[in-house]
Each structure stands twice: as C-alpha cells, then as structure tokens.
Amino acid sequence: MGPKELVHMSPTTTLLSFLRSNGITGTKLGCAEGGCGACTVIVSKETSDGNVHHKSVNACLFPAVAADCAHVTTVEGLGSTRDGLHPVQERMTKSHGSQCGFCTPGIVVAISAIFANKPDATIDEIEEHMDGNLCRCTGYRPIWDSAKSLCSDAKKGPCGSSCNSCPERDDCDIEHLIPDPGCTPNNVGAAPAPANNVCSSSHEKFKSDPVFNKTFEELNHPSLPFPEELKGVASTPFVITNGSTTWYDPNTLDVLLDLKKEFPNGRIVVGNSEVGIEQKFKNTKYPVLIGGSNIHELKGISEDNENFTFGANTPLSDIAHFCESGSEGSVTWAMSNMLRWFASTQIRNTASLAGNLATASPISDMNPMLAASNAAMTVKSKERGSRSINVSEFFLSYRKTAMQPDEVIVDIKVPKTSKFEYVYPYKQAKRREDDISIVTSGMRVRLAPSPDGSQFVVAESSFAFGGMSFKTVMAPQTSAFLLNKPWNFETFDEARKFLALDLPLPDNVPGGQPEYRRTLAASFLFKFFVAVSLQIEKDAPPGAVEPIKDDVKSASESFVTMRKPSMTGTQRFPKPKYTPGLEDGTEKKGVPEPVSRPSEKRAVGKDSTHQSGALHCTGEAKYTDDIGLPTDGLEGCLIHSTTAGCDVKSIDISEASSLEGVVKVVLYEDLVKTGGNNKLGPVIKDEEVFGTKRVRHVGQVLGIVVAETLEIAQEAARLVKVEYENFDDNVIVSIEEAIKANSFYHMTDHTIESGDVAAAFDTPGAVVVEGKFRLGGQEHFYLECNTTMCVPTETGMTVYTSSQAPTKTQMYCASASGLPANKVVCKMKRMGGGFGGKETRSVFVAAACSVAAKIVRRPVRVTLDRNVDMQTTGQRHAFVAHYKAAAVMEGGKPKLLAMDVNLYSNGGCSLDLSGPVMDRALFHVDGVYKFDAFRCHGLVCKTHQSPHTAYRGFGGPQGIITVEHVVDRLATKMGIDATEFRESNFYKEGQSTHFGQTIEEGTWNVPRSFRDAKAQSGFDERKAEIKEFNAKNKWKKRGLAIIPTKFGIAFTAKFMNQGGALVHVYQDGTVLVSHGGTEMGQGLHTKVCQVAAHAFGIDYDKVFVDDSDTSKVANTQPTAASMSTDMYGMATLDACRQIIKRLKPFRDKLGEDASLSAVATAAFFERVDLSAHGFYALSDDRCGYDWGAVPDGTETGPDNSFRGHPFNYFTQGSSLSMVEVDLLTGDHSILRSDIIMDVGSSINPAIDIGQIEGAFVQGVGWSTTEELIWGDEEHEWVKPRGRLFTQGPGFYKPPAFNDMPAQFNVTLMDGVANKFAVMSSKAIGEPPFAMGISVFFAIKNALDEARKDMGVKSEELILMHPATSERIRMGVGDEISVVGGGGGGFQAKGSY
Ligand SMILES: Cc1cc2nc3c(=O)[nH]c(=O)nc-3n(C[C@H](O)[C@H](O)[C@H](O)COP(=O)(O)OP(=O)(O)OC[C@H]3O[C@@H](n4cnc5c(N)ncnc54)[C@H](O)[C@@H]3O)c2cc1C
Ligand code: FES
Ligand code: FES
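Worth saying up front: this structure is predicted, and the values here are computed from it rather than measured.

Conventions and cut-offs
Residues numbered from 1 in each chain as written. Chains lettered and ligands numbered in written order. Predicted model: local features only at pLDDT ≥ 70, side-chain atom pairs only at ≥ 80, totals over all residues. Heavy atoms only, no water. Helix = DSSP H or I, 4+ residues; strand = E, 2+ residues; numbered from the N terminus. Expected span 1.5 Å × (residues − 1). Buried < 20%, exposed > 50% of the residue type's maximum accessible area, 1.4 Å probe, protein only. Near = heavy atom within 4 Å. Polar contact = N/O pair within 3.5 Å; in protein donor to acceptor, adjacent residues only side chain to side chain. Areas by Shrake-Rupley, 256 points an atom, 1.4 Å probe, with all protein chains shown as cover. Nonpolar A, V, L, I, M, F, W, Y, C, P; charged D, E, K, R; others polar. Core = buried A, V, L, I, M, F, W, Y, C linked by side-chain atoms within 4.5 Å. Contact = heavy atoms within 4.5 Å. Salt bridge = Lys/Arg side-chain N within 4 Å of Asp/Glu carboxyl O. Pairing = 2+ DSSP bridges. Phe/Tyr/Trp six-rings, centres within 6.5 Å; stacked < 30°, edge-to-face > 60°. Lys NZ or Arg CZ within 6 Å of the ring centre and 35° of its normal.

### Section: helix α18 (residues 514-539)
So, point 1. Its 26 residues place the ends of α18 37 Å apart at the C-alpha level, agreeing with the 38 Å of an ideal helix rising 1.5 Å per residue.
So, point 2. Here α18 lies mainly inside the structure; 22 of its 26 residues are buried.

### Things to note about the site of ligand 1
So, point 1. Every one of the 32 residues lining ligand 1 counts as a neighbour, but R267, V270, S273, S352 and D365 are closest to it.
So, point 2. In this structure, a nitrogen atom belonging to ligand 1 sits 3.1 Å away from a side-chain N or O atom of N313.
So, point 3. Contact distances for ligand 1 include 2.9 Å between an oxygen atom and a backbone N or O atom of A343.
So, point 4. If ligand 1 stood free it would expose 990 Å²; the protein chains cover 93% of that surface.
So, point 5. If you list the elements that add at least two residues to the shell around ligand 1, you get β8 (267-269), α10 (275-281), α14 (353-359) and β16 (408-415).
So, point 6. If you tally residues by element for the shell around ligand 1, the top one is α14, at 5 residues.
So, point 7. Residues belonging to the shell around ligand 1 are distributed by class as follows: 15 nonpolar, 10 polar and 7 charged.

### Topic: the nonpolar core
So, point 1. Counting 267 residues, the largest nonpolar core has L370, I409, I412, L447, F465 and W487 as the members making the most contacts within it.
So, point 2. Ranked by residues supplied to this core, first place goes to α18 with 14 residues.
So, point 3. Those residues in contact with I412 that sit more than four places away from it in its chain are F308, T309, F310, A312, L353, A354, L357, L370, A375, A376 and M377.
So, point 4. By size, the runner-up hydrophobic cluster in this structure holds 58 residues, among which are A1050, F1051, M1127 and C1183.

### Concerning the pattern of salt bridges
So, point 1. A complete count under the given rule lists 90 salt bridges for this structure.
So, point 2. With a shortest N-O distance of 3.8 Å, E127 and R563 are connected by a salt bridge. Residue E127 is located in helix α4 (residues 123-129), and its partner R563 is located in the loop between α18 and β21 (571-574); the two are separated by 436 residues in the primary sequence.
So, point 3. Three or more residues joined by partner-sharing salt bridges are found here, namely R20, K28, D625, D626, E635 and R861.

### Topic: the sheet that holds strand β17 (residues 421-429)
So, point 1. Across the sheet, which stays open at both edges, the 4 strands sit in the order β17-β18-β19-β20 with antiparallel pairing between neighbours. Because the sheet does not close on itself, it has two edges, and the strands there are β17 and β20 (473-474).
So, point 2. With 2 bridges connecting them, strand β19 (residues 456-466) and β20 associate as antiparallel partners. Residue pairing for β20: A464 is matched across the bridge by M474.

### What about the sheet that holds strand β29 (residues 721-725)?
So, point 1. Strand order in the open sheet made by the 3 strands is β27-β23-β29, with antiparallel pairing throughout. The sheet is open, and its two borders are formed by β27 (694-695) and β29, each paired with just one other strand.
So, point 2. By the bridge criterion, 2 bridges tie strand β23 (residues 646-652) to β27 in an arrangement that is antiparallel. Bridged to D647 within β27 is R694.

### Regarding the environment of P486
So, point 1. With respect to the element layout, P486 can be found in the loop between α16 (476-482) and α17 (489-502).
So, point 2. Sequence separation between P486 and V545 is 59 residues, and the spatial gap between their C-alpha atoms is 8.7 Å.
So, point 3. Setting aside its immediate chain neighbours within four residues, P486 contacts Q455, F456, V457 and T491.

### What about the packing of aromatic side chains?
So, point 1. Applying the stated rule across the entire model yields 44 aromatic pairs.
So, point 2. Ring geometry for W487 versus F529: centroids 5.5 Å apart, planes at 40°, classification tilted. Taken together, the residues W487 in the loop between α16 and α17 and F529 in helix α18 connect sequence positions 42 residues apart. With respect to burial, W487 and F529 carry one shared label: buried.
So, point 3. Taken together through their ring pairs, the aromatic side chains of W333, Y424, F463, W487, F489, F492, F526, F528, F529 and W1035 make up a single cluster.
So, point 4. In this arrangement the basic side chain of K1014 is found over the ring face of F1019, its NZ or CZ atom lying 5.1 Å from the centre.
So, point 5. Positioned above the aromatic ring of F1029 is the side chain of R1038, whose terminal nitrogen or guanidinium carbon lies 3.9 Å from the ring centre.

This is the structure we're talking about:
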C-alpha cells in the first residue's frame, strides 16, 4: 500500500496523552472514557468540497495517529491572557463561568467549536450540543449565560428580558425590572421588591462591558486557523507500530479488505468509543488496529426511492444532521431523535453506526432502531464479496454477530417509511444526556385500511429492544398478534401480554431492575400506541381511528422526541456594600482606616470575578498534574486489592519488577526499612499506608510501582500477583447487613435528647408516623482526580498535592516516609474541585507517593484514574433512619410533638471522619422545626466499603432530608398541605434547638426566606397551574415543594476553629497574602483578596493570594465546614491591621491621598516591618460541643446547652422547586427553582451565587440521578462483594447541562448583616446543598398526585432516596407497573 512509516508515535497513544506529555496541559484528563468533556479539543479537517470543518472530540479517546492530516486546536490555541482572550473565554471569565476551572478548558473549546463552524449559531444549537461536558461546581447557569450571550438570537438575557437589543440596557437596573412584569416574563415580577437590588446577569454584565453587547458574529472574530500545508492534502495510507501494536491506516475499501483478510482479528477503529474503552478499562490488547475513518467508500449518505444508504463509518453527527429534516413518524425523524440523545456531541462527531452494530452491545441505542426499521447491512470480505444481512438477524448472542472476522460492514440501508407507516424511538436512562440506556427501543408499524374500509388495521409491525436481553431482541409474538388487528386501545392492552412473553427478563438478571425494565418496555408500547394514533389523526380522514382522550395525549411524548429544555433565570443581590461585622466587635474594636484612599475603592461587596477566572478559561491555570515532572521524575501506580474480607497470603512482585522501565515496587516492608510509620487516620489511626494482612475493602492500597512512564507503572501494577486467604463468610457491605451483624464503630455512638419524648407521644390526638427511610451516598466527582507529586530535596521533601488539607498531607507524608515535619513542605496551588473528598482521602495517595519518592530518591507522581479514585477514596455516607414522630392539631394548626430517630450511616472499613459526620447529622435532623421533645441517636456502621468521608454538608443534608421526609409523611397523614405544615412549625427566636442552642434574637431569617420564596415563585399561581395541568394530563404530573434550611457554621470540633495568614506589603503598593486555606473553586482566595484590598483601601487586583504552603502558614486546618472565609478573612484582617497600625504615622504624614506604595516605601526606609502574621480563633463560647458533659444541676439554659454551643451562627434559606414527571418512564424535569438565601452581607455576591447554584445542583444530583451501586445483598450480580459497580461517568450520573432547572432564580436577602463573621458575611459553601432536596419532594408531590388520580389504593408511597427514574416510575403503582412486577408498595433495590 505504499505507506509512509511513522515511528515516533505509539498507535495506542491518545491525543490527550500526546498533548499533555508534550507540555500542552490546558486540555485536562477527567475520566479517560469520553464521559466528562474535560479533554475536549477541536479537530479540523478539510472536506471534499474544500471547506474546513471543525469538530469537537474527546482527546482521551481520539487516537493521536488519527489526527493525520488534521489540525488540532486546544484551549491554548484559542486565546491567552497575554495575547488576548477568545470571545468565549472572555464571556466565560466575566460571567463567572468557572469555579475550580478544571472543566473550563473543555467547555470553552466545546462552545468555540460550535461558533467556529457557525458564527451565527442560535441558542437552540448551543443547547443541543453541550451534552458532552460536565461541570461539578457551577450548576451550569453562568456557563449557559456566557454561551448564549454570543448567539445570534441572544434576545433574552438570563433575566428574561432582551438584553442585547434592550433599549434600556444601559440603564438596566433590577429595581425597575421587578415591578414591571413586562420585563420579567418569568414571573419574577411577583417578588417583593427588595431595595437596591441588582441583577448580576443583566446590570453589571451588560452595562459595564461593551463586549457583552455583541453576538459572536458581530464580534467578527478571526476564524480558527487551518495551516496552508494541510490544504488540499488528502490522507495517504500509513503504518505505525510500537512493537506490540501496529496501526494500519488504509484509505480504500480494497486495502481494508486485504488487511482484514490478513488480520481477521484486527480491530477497525473509527470513533474509538468502544475499542478505546476496551483497551483502557478491560486491558484488552490488540496487536493490529486498522484506522477506519479515511476510507471514502465507507462514508457518505445517499438515497433512492426505497432506501437511505448510510456509509458504515459516516460520523453519527453527519447522519443526525442529514436526518433532522424528517417529518414526525418517519424513519429519519426517529433516527435523528435517537441520535440527539446518543452519547455526546464529541462522541457523535467521530463514532459510527458500524461501530454500534459491530460491538453488538445489548444496550446499544441504534441497533434496535435499525432492526425495527427493517434495515439491512452490506458486509463484504475479500474472499467472498458482498452479502446483505438484516439488522434484526445480525445479533446472535452476547456481543456475537453474524459477521465473519474477515468481513467489513460497508453500509446500512434503511427503508423509507411509506404512507401510514410510523417509526418511533424510545430510550430511558438514569440521566437524559450522555447516558447509556436502561431500556431502549425502536418501534415500527404500517397500517392499512381494513377490507371494509371501516378502520385501520396493522399490516406489519416490528418492535426491537435493547436492555431486555443479552442482545438486541425483537418481539415476534407481539408482531404476530397485532397482524390484521384493529388499531385501538383494546388491541394494545392485549398486545402487552405478548410483549411480556417476548421479553422474559429473569428476576436475577445482571444489571438488575427487572421490574422496571419490564415496565418500561410495556410503557414504551403504550406511548407508541398513543403517538401513532395521534399521528394517524393528522394523516387520515377524521374518525379513522379511535380518538385519544385529551388527558392521555401527552403520554405520546418522551424526552427523546421533545425539544431540549431552554434555561433562563435571574440572580439578584443587594447593591454592593460593606457592613462591618465581627472585625468591628473584637477586642481590637473599631476597624482601622485603610492606608490608602479614597474609600470608594473598597473591594468588599463587589461581584469581582474569580482571581483565576481568565487563567481557567485559557488553560493557563496549573493544577498539580500540570506541573512538569522533573527530568529524573518517575510515575507511580498504586497496587490495589481486588477483593475484600480476607487476608493477603502473598504478594509476588517478580514479574512486575522485571518489566523494563520499572524502577521499584514498594511494599510495606520497604516502608519499614525507611523508618516510616505505616499507620494513619484523621481521628484514630486505623488505616495503613500499605496493607499488611487483612484486606478490608476492594481497592485497598497494598503497594506502589514506580516506573519511567505511567503506562509501564500501570502495566507492572497489573502484573503484581496477590494471593488471598481466610475469606470471611459474611462480608458486610450495607448498613442493614451491619445492623444484623452488630458491626458498628461504638466509640462514636452519640445521643441527643431534650424534653420528655415518651410523654410527647402520649399527647391526646397525636398523629404518629413510624418507619425506615433509606438515603443514598454520593460520589464527589470532583473533575480533577487525586494527584500528588513528591520531590525529594537535599534534606527532606516537597509535596505538591491536590488536597484540602496541606498540613495533614505534610504530617502524614513526614510520618510515612520517616521524616521530621520541618523537612517536609506541602504546596497546594489549586484543586479541580474537592467538596470534602480531598479533606482526608487525598492524604493516603500522598503518603504512598512520599514513601516511594523517599526510597527511590527521585521525584514521583501519582495521579489516580477516575475509576480507581471512585473505588478507593470514599463517598458521602449513605444513611438509614429508623424513626417515629408525632404531631397534633393545635389551634387549627399542625404542631410537631416528638421525634425519636436512630440514624445509621455506612462508614466503610475505617473510621475516617464518620464520627463527626454523624454528629453533624444529629445536629441537623431537626431541620428548621421545633419539636416539643426530641431524641436522636447516631451509630456509624462498620462495613467492607471503602472508608466514607466528608462531603459538602458533612452529614447535615442527611439529617435535613430525614426530618423533611418525616414532616412530609405527617402532613400527608394529617391531610394538610406540606407547605402549610412546614410553615406552622418553624423555630421562633428565643426557642432552643434540640441540642440546646438558642435561636438568637434578630438572626432568624428562615420564615422570611420561606415567604420570599413563595412570593418570588408566585406560589399560589404555580399551585393553580399545577392543579390545572394535572387534571388535564393522566400520564404526566407536576409537583412542587419548598424546603427551608438552616445550616450550622463552625467546625464541631472546637480546636479546628482557628486559622492563620501571612501578609506582605511591597513597596509598589501590592500585597501578597498567604493563608491556611486552599482554593478548590469556591472563590476563597478572591474573597480574601477583597478583604485585604478593602483593609488597605486599594484595588482588588493589587492583592494576590499565592499557593497554600505549609512553610508560610503552618498548622492549618483542612479547608472545610464552609468556615474558610470566616477564619482566613479574619486572620488576614488581623495581619492587615497590624501593618496598617505600623503605617499610620506615615499615612498621617503623607496625607489622606497618599497611595499605599508611597506610604509603604516611606515606612520601609524607616525600617518598619511590612509583613505580619495574623491569627483568628473563633470565640470559645460560640463553638464546641462536649458529648461527654454531664449536667451538674447548675445549668440554667435549655436542655443540652451545658454541652456547648456548636455553631457560631446559621446560614439560612429556602428553595422552591417545581417538576414535571413522565409517569410512564420515570423521567423528570425541573421546571423552575427559586432560592432565597441569607448570606449576611455578601463579600462577593457573584461568588456566593455561584456557590448557591452549584451546591443546589449538586444536591439535586444527590436526590435524583446520582446512585451508587455496590456488590451487596441487593446487587448480587456485582462481583466480588464490596466492589463499587458505579465507577466513572459511564455508570455514575452527576447532573449534566440540561438537568438544571429550566428557570433558576436566586436572590440574596438584603438587610441580614451577620455580626458574627468577617465583614458581616456568612459562610456559604455547604448550606445551599440541602436545598436541592426540594426537587426530591416536588417529585414525591407529583407522584402523590398521580397515585390519587390512578386510584392506587395500596399503602402510602414511601419514596426512598434518591428519586431515580426507576423509583419514580415504579412509585406510580399503576397497572402497567404491576404487570411488570411492581405495585403500590414496591420498593426498588438500592445500596445503602
Ligand atoms: C461516553 C460514551 C457514551 C456512549 N453512549 C452511547 C449511547 O448513548 N448509545 C449507544 O448505543 N452507545 C453509546 N456508546 C457506545 C459507542 O459510542 C457506540 O457503540 C459507537 O457507535 C461506537 O462507534 P465507534 O465508531 O466509536 O466504534 P469503534 O470503537 O471505533 O469500533 C467499535 C467496533 O466496531 C468495529 N467496526 C467499526 N467499523 C466497522 C466496519 N466498517 N466494519 C466492521 N466492523 C467495524 C470495530 O472493529 C470495533 O470492534 C457510548 C460510548 C461512550 C464512550
Ligand atoms: S477525560 Fe475525556 S471525556 Fe473525560
Ligand atoms: S468549574 Fe466546572 S468542574 Fe469546577
């Protein structure tokens, strides 16, 4: 074939590894499986017509060799802070579109790719194509804002008004928007008008910067470059090898057939979205790979009278584009709709139909679609030529097809739909976007008038399903039954029975959910019947088919065929202002005047952009894994156990050690030789750096391999042979298994009791509810996995790590590697998200890495793969609550009497922070409600899961959702509206919580936030709207809930409420701050800069916060408990004040208008110290709770007050959510969410709103799509016991772009200054998380309505958490679900 030989690149190297290993680190690794979009780059190629087409692709899957003749643009190629930002980068920066910034380069590139092809792209087009990127921090709203502001039809700003074309834009101010419903079509007009409010989206953004006034097209930005040398160059064949794998890249079918003849087992690679996954995660080795993307005979689309013909390897995005003009019910319409929800834009840009077919996955989406459509494929071999195979006959058994190894799929012929022939696509997944199906189906029917012409009968039909067997299956009995039957309800009722016979899913089916899957298949059939009937009503004369009742019509819709939701909303906050807070009330009373004037420069209260915003957007922001490995550096790979509940018998490292490039395999014995301590743990030292004997969880670290390259280290780690023995008969995995086996961490067993619980239950007229509530865990899914690099120095070690706890990292690395703490420095620049997951668990990776670096005396870097990170580093604790609660009617209102609850959490195999997490759950299990008597008891279960850990809210959300579940049940039982019930039972000022803390006068804003949320959302109208909708729709229901929260601020361990800061003033008037906190996206450094700028009276951009560094600020606490601004803001102020005091004489001398530079220079020449260390410790009487305290009879405070005052104050708020549920599938969408939040006097409202939106959406994920599945007694198909099945974004589903509320309004309360924290602000990182549960209760509300409507008479619906599509669907309890195996009281399985 006359190939060009390329020798410098390995055929198995992905484009991502190639870029990153060449120092182009803006493109990030988030998952390596095409599921997060962090690695998105643009691949540009010239098309046959001479145009250049730009495609966003996942660099983690794209083989580097496949970029032959292509131009690759990474985020660095779009713009930079030095040479100017690309419009997308600029908008993202200014719209606060990044927090941790790790997802940002991928998102910037994905948006830019859309505008690169189409500068006049519309909002709809953007909304279609952001399905391949995840952001865990922002909640997506600001990203939507920035992308949409560039669209050609950017008529509506996020407030709903027409910002770009609004004549009043320049004077836009929310004051005049609020009273005018005309300007606020989304009903925010109903809100009370808080004084001095501005909207971050319209006012500041659109008024202050002219760049926001233009669309992308109007900006006339130069198009993406495409090098001259690539123009007119067609790809030519080449061969490339690395010794074990050879890549052939043919450009004709003939050569491909030759190659397949020579290498029948050679794998064709097109999108690599299957082959790449097999290589990476199944460790499949392919000696021969054959590039399939450059063969022109296999690409392209044509049509004749009968068929559409799709070239086998045509990118799916081209097929989707071709099909999008099909009319409803046609085969192209069905294909285009199915493809819209197939994987992601990035995957569709490269993946092929042939890849889908040849892989023969039982849950493939296109295979059932094609099979039902009667499609046929042409396959060809060198020896035997071409033949045609019907897609419906192509799948023989699990991943086995009718194709011979030497055959190649050439094309797929799809018959055109004829008159009265209809094809519909169906799919249900955990999440709508970028998710594989639970059940998927293509359904087709051809109708004909009956011989007497009186009705339509079925002339032909076919139904194909994925997810209902080990392969794509047809439903022949159903089709046979339907033949010649009239098209009416009766026929379809009957057809369901045949469908059940066609799809005999066993109860113990791998993948689980048999009842749901059976129910879905039948529900799809029903939807199909309704959809086709409505279509015939349009196509045939009136009366041709039985009319569909109005209230059933919406059953025809499904998310697959509906348009994607469009997002809008407002963010309102009081006009920037500074209110003196705690700093004004300390012993150093009186805020010193700033050094520099005028004071309008004061930075606090402004919505300044994130300190690193532009760096995030350009890819210049460096994360730990982006720091170049020194030339003598090595890569490390941890050796993990593959099972749990047994002893390690032996570890054989001989094969691994002898692999070329391996430098050392480090085990426990080696650690001992270095003088290290193998024991570690944050509260008690019950963990080991390297496992010695007992294996307690799958993924436990047994050692570490260090090698010249990551690939070698990973390969060697796989070659380590571990033998296990003494297996436990009973490997305890779940909470319920632990309760049965009495397996607990008794040392953390705590109870809080106040009032006479027994007596309260005996109150006459008391209504009692009792039961069990299960609530799930949650993976942090920070976009940046755990990573550490340890660099030995001449006396010790420098540790670069992605951790919320630099001091803990320093201490454990020192201890594990046998070094004194003063010779180990830990540096932390920024994290790509943490959310609590890097508070303690990151330390274990760092400790192992430090031991290896000490032993080999070379720098070592360890970066965990996503699946390893998820399996080993722990999650939010799952809980089970056993409760009994009572309420009574008093004065015509419901009154809470008593709560008695036992909380059990799944702590995993070591204690980690499970004790304090449980404590916080106990402190929050009262929600915002006053009970006469309260008893709560918490026990952490010891299981064989990985150790569970801190996660945003730290047990608080688990407590809050438990009490809300109880309140919801009581309200239902008493027949009272849940909102009214909640409102009647709020604490009042002066009352005391169950743990004895008084709700202080002037601090209780929950009732107001609740009222405001009702007003802002137009509560009464919404209820009326829901009532009307529900009456008109049998198979869709809407629901609503408002959830109030209070969240206690302070570390519950008293000693942790302390922090330090180091401030240097330089003679040029700039200021450098180092403090004990870490930046993980929450904007801590930005707020601290604002505080320091404010103190000195200088511009915000004159202050800089550098790395967190244990040699600058020592003995730090982990950045956690939302406390960091409170602590480091105060510590920074303390340092600033010391310097300001020293500078005062110079300022007095130089006059009020002297700059800081002038003052500092004058002081310097007088030998005045321009540096200071500041310190802050939260007042003794406002933190700490002594669980061991025993009353001595002298206490005068409320019950429990003698034990302490665990919280400094409460951050409060309320959130209303309204949802729509598809009862036939369990799909839901959030129609709107309104949040009212008391954040005190905000230091930076944009950052606070970002935290609120991001936390809320994370809380929504926890409550809906995010479900962890472990190998436990309810999931015996997961092997071995104790393994986490849901690893990586393929199986675990955080909310995606289109999951956020369609309308999302956030308002910061005005006039709620908080005298207990710095600058009168309030902590905000964690508190809004629990408000995401408003979506859970809104879903429950919709299901209650559905069950009422359906007349489901069996027991009350107890909706367990999270509200997955399965729980929602099976919660309806209708007849279809009963036949599927469910019913009124059915409970889906879960891992808790
Ligand atoms: C993040 C992610 C999301 C996904 N989402 C979905 C989804 O929503 N729905 C779904 O159905 N699938 C999904 N998939 C699976 C996958 O994307 C599809 O199966 C896709 O169609 C595979 O195409 P490809 O070109 O990438 O295949 P490749 O990985 O390149 O190849 C796959 C197989 O096809 C064979 N092959 C390719 N071309 C030919 C040919 N012409 N003749 C013979 N054999 C050939 C190859 O030899 C190989 O065995 C997803 C995958 C990922 C990674
Ligand atoms: S790293 Fe490529 S999609 Fe996640
Ligand atoms: S900013 Fe998107 S993941 Fe952090």
